[in-house]
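Below, each chain spelled out in residue letters.
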Amino acid sequence: MTNFSNSASASGSRTNGLAVAGLSCGVVGIFILNIVLGPLAIVFGAVGLRQAGAKGGAGMAKAAIALGIVDIVLFIVLMAVAASSGGFSWYVGG
């Protein structure tokens, strides 16, 4: 009788979880919370890149680092545009 409970791990799926987490943070960070998710993507990508020899996923880790940098640059650009146009204004009713 064959045990199929470990078929995913036995098939050689060795994706680096930190590289995937960094890539996810980088992609989501482009749209929302880029100042928080950008540095997280860089950290997860760097740690994932260090583990890439054992677990694979060096390409995803490098992409996570690149997207984290893009997130931070995007935040800086958005803040510069907001500052040059008079800053933020919160208008609530009335």
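Refer to the structure printed above.
Residues numbered from 1 in each chain as written. Predicted model: local features only at pLDDT ≥ 70, side-chain atom pairs only at ≥ 80, totals over all residues. Heavy atoms only, no water.

A. Region of interest: the environment of isoleucine 65. Here isoleucine 65 lies in helix 5 (residues 58–84). On the accessibility criterion, isoleucine 65 (22% relative accessible area) is partly exposed. Setting aside residues no more than four positions away along its own chain, isoleucine 65 makes contact with Ala41, Ile42, Gly45, Ala46 and Leu49. (Helix = DSSP H or I, 4+ residues; strand = E, 2+ residues; numbered from the N terminus. Buried < 20%, exposed > 50% of the residue type's maximum accessible area, 1.4 Å probe, protein only. Contact = heavy atoms within 4.5 Å.)

B. Structural view of the side chain of asparagine 34. With respect to the secondary-structure elements, asparagine 34 resides in helix 3 (residues 34–50). Setting aside residues no more than four positions away along its own chain, asparagine 34 makes contact with Gly29, Pro39, Asp71, Leu74, Phe75 and Leu78.

C. How the structure looks around unusual backbone geometry. The backbone of leucine 33 shows a phi angle near 50°, a positive value even though the residue is not glycine. Relative to the elements of secondary structure, leucine 33 occurs in the loop between helix 2 (17–31) and helix 3. Relative accessible area serves as the criterion here: at 56%, leucine 33 is assigned to the exposed category.

What is shown is where atoms sit, not what they do.
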